[in-house]
Each structure stands twice: as C-alpha cells, then as structure tokens.
Amino acid sequence: MRYFMKVLGLGVLCIALWIHGPYSAKTVSADMDYATYYKNIIESDVWQSEIDHSVRVEMLQLPEEMIEAMDTDTLADAVLAYPFLGDIYAFDSIEDGVNILFGSFNGLRALEQREEAADILLKKYKEFEVLAVSEAEAMDSAAVGDELFALSNLEVLMAQNFVTQGLDDAGRRELGEEAARKYREKKVCGRYGGTLDTFYRVLEVTCEDEEVYNQIIQ
C-alpha cells in the first residue's frame, strides 16, 4: 500500500511542480521553522486558489534540507502539526488513513526512520494532559475538539509499529500504563466520544507482534 502511494505521489508531483517552484524560495530558508513554513504555504495565493487537494498535499511536503536540519524532537512536532494529519479519519479505517499518510507525507516517513523516534514520542505522549472536567466546561466546543483530536492523532502514532517495536520492554510497559491512565481520565472527562479508545483500536489492527502487543496490553 505504501509503495503504491509513493508511485501515485509522483504523478501528483508532476502536476504540482509548476506551483511549488515559484514560491519555494520565498517560503523556505535555512533557519525557517516548520510552523512558519506551513503558515506561508497556507496563506499563499496559490493555496487560496481553486486547486486539487492532492496538489495541496504536495505543497506541504517538508524540504529535505529542513528535515535534515531538524532534531527528532522537532521533526515529531512538525509531523503532529502537519495540517492534513486529520485526513487519517477520512477513510474506511484509520489504518487505511495512516497508510495513505505514510505514502503522501515525507515528514512522517522521515520520522519513522529516526532511531530515537519511539522514545521521543513516548515522552510527548506522557506530557500530553487529558482535559479535566472543569477545563472542558470552560472551553468552547471547537477548542475542545482541537484538544480531543490532537491527543487522538498522537495516539494513532503511538500505536504504529515503528513506535511499539522501537521501544524496549520497559518502554512498552510504560506505554501501556500511560494509555490506560489516559483512557481512565478521558472517561472521567466525558467529552472524548469516539476518540476515547483510539489507541487500543488502532493498536489492535496495526501491531504485528503478539509478544509486543501483550507487553503493552498488560
């Protein structure tokens, strides 16, 4: 599936090249951060014009020089901030969505290749706090939705094989404990709806190693 999407992406790239070239010099510099890069593209006249979604996907590819300059922590943040990360929910299953995302976004593929990616993502997962009841009540529905899906997106990544197999035994147990804690806290909050068990639903279909699965689901 991922190979097919890479091949398909080449065709889309041919369509996008004439668009990407003219503004890339203005939107990319050696010291530019990913947030500014995304912002410049989304605010460009080309983005605001009537172009196909697949062309916008190509426009948001991270320049290789930017990826090479990023440490893994920053690259993980860039992936989590990717404007089309939510596309993973637009397919028949989250698994299909993730496979397509791997094929269409070079930032995620680069993160998958980083040796320390699993440990860094686990640290981010532990630092991500579930909304307390009082916090959720004080926020409008759009802000609550942003929080819900930010955590759900991270949990989708945590359930991928490059994370679960990239952790050592202690890290997998830690991941399982953290996922269980967040599940309990989400139930208390009562606002997480269909994202309540994202991690467990995705892990069940993505984990390729029974021993790894059992270490996480203690």
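Note that the coordinates shown come from a computational prediction; the quantities given were computed from them, not determined experimentally.

### Digging into a negative patch on the surface
Here comes step 1: A surface patch of negative charge is lined by Asp 71, Glu 115, Glu 116, Asp 119 and Asp 168.
Here comes step 2: Locating Asp 168 in the fold gives a position in the loop between helix H12 (161-164) and helix H13 (169-189).

### With respect to the side chain of Thr 72
Here comes step 1: Locating Thr 72 in the fold gives a position in helix H6 (residues 72-80).
Here comes step 2: The contacts of Thr 72, once residues within four sequence positions are left out, are Leu 111, Arg 114, Glu 116, Ala 117 and Ile 120.

### Concerning the packing of aromatic side chains
Here comes step 1: Evaluated as defined, the whole model comprises 11 aromatic pairs.
Here comes step 2: With a centroid separation of 6.2 Å and 65° between ring planes, the pair formed by Tyr 34 and Tyr 38 is classed as edge-to-face. Here Tyr 38 and Tyr 34 lie together in helix H2 (residues 34-42), a separation of 4 residues that amounts to about one turn.
Here comes step 3: Each member of the aromatic cluster is reached from another via a ring pair, and the members are Tyr 34, Tyr 37, Tyr 38, Trp 47, Tyr 82, Phe 84 and Phe 105.
Here comes step 4: Over the ring of Trp 47 we find Arg 56, and its NZ or CZ is 5.2 Å from the ring centre.
Here comes step 5: Over the ring of Tyr 125 we find Lys 182; its NZ or CZ atom is 4.7 Å from the centre of that ring.

### Quick word on the confidence of the model for the chain
Here comes step 1: The share of residues in the chain with pLDDT of 70 or more is 86%, and the mean pLDDT across the chain is 88.
Here comes step 2: This stretch, residues 2-26, has a pLDDT under 50; its non-local contacts, to residues over four places away or in other chains, come to 29 contacts.

### Overview of helix H8 (residues 106-113)
Here comes step 1: Among all positions in H8, only Asn 106, Gly 107, Leu 108, Ala 110 and Leu 111 are buried.
Here comes step 2: In this structure, the buried residues of H8 make contact with helix H5 (64-69), H6, helix H7 (94-104), helix H9 (117-127), helix H11 (141-158) and H12.

### Topic: H13
Here comes step 1: The end-to-end C-alpha separation of H13 is 30 Å, in line with the 30 Å expected for 21 residues at 1.5 Å each.
Here comes step 2: Within the span of H13, buried status applies to Gly 171, Arg 172, Leu 175, Gly 176, Glu 178, Ala 179, Lys 182, Lys 186 and Cys 189. Buried residues of H13, viewed axially, fall in a sector of 170°; they line one side. The outward face of H13, more than 90 degrees from its buried face, is lined by the exposed residues Arg 184, Lys 187 and Val 188.
Here comes step 3: Where H13 is buried, its residues contact H9, helix H10 (133-138), H11, H12, helix H14 (198-206) and helix H15 (210-216).

### As for the nonpolar core
Here comes step 1: By size, the foremost hydrophobic cluster in this structure holds 61 residues, and its most contacted members are Tyr 38, Leu 62, Tyr 82 and Met 158.
Here comes step 2: With 7 residues, H11 is the single largest residue contributor to this core.
Here comes step 3: Apart from residues lying up to four places away in sequence, Leu 62 is in contact with Tyr 37, Tyr 38, Ile 67, Leu 75, Ala 78, Phe 105, Asn 106 and Gly 107.

Each value, and the rule that gives it
- Residues numbered from 1 in each chain as written.
- Predicted model: local features only at pLDDT ≥ 70, side-chain atom pairs only at ≥ 80, totals over all residues.
- Heavy atoms only, no water.
- Patch = residues over 30% accessible without salt bridge, like charges linked within 9 Å, V, L, I, M, F, W, Y side chains within 5 Å.
- Areas by Shrake-Rupley, 256 points an atom, 1.4 Å probe, with all protein chains shown as cover.
- Salt bridge = Lys/Arg side-chain N within 4 Å of Asp/Glu carboxyl O.
- Lys, Arg positive; Asp, Glu negative; His and termini not counted.
- Charge placed at Lys NZ, Arg CZ, Asp CG, Glu CD.
- Helix = DSSP H or I, 4+ residues; strand = E, 2+ residues; numbered from the N terminus.
- Contact = heavy atoms within 4.5 Å.
- Phe/Tyr/Trp six-rings, centres within 6.5 Å; stacked < 30°, edge-to-face > 60°.
- Lys NZ or Arg CZ within 6 Å of the ring centre and 35° of its normal.
- pLDDT = per-residue confidence, 0-100.
- Buried < 20%, exposed > 50% of the residue type's maximum accessible area, 1.4 Å probe, protein only.
- Expected span 1.5 Å × (residues − 1).
- Arc of directions from axis to C-beta.
- Core = buried A, V, L, I, M, F, W, Y, C linked by side-chain atoms within 4.5 Å.

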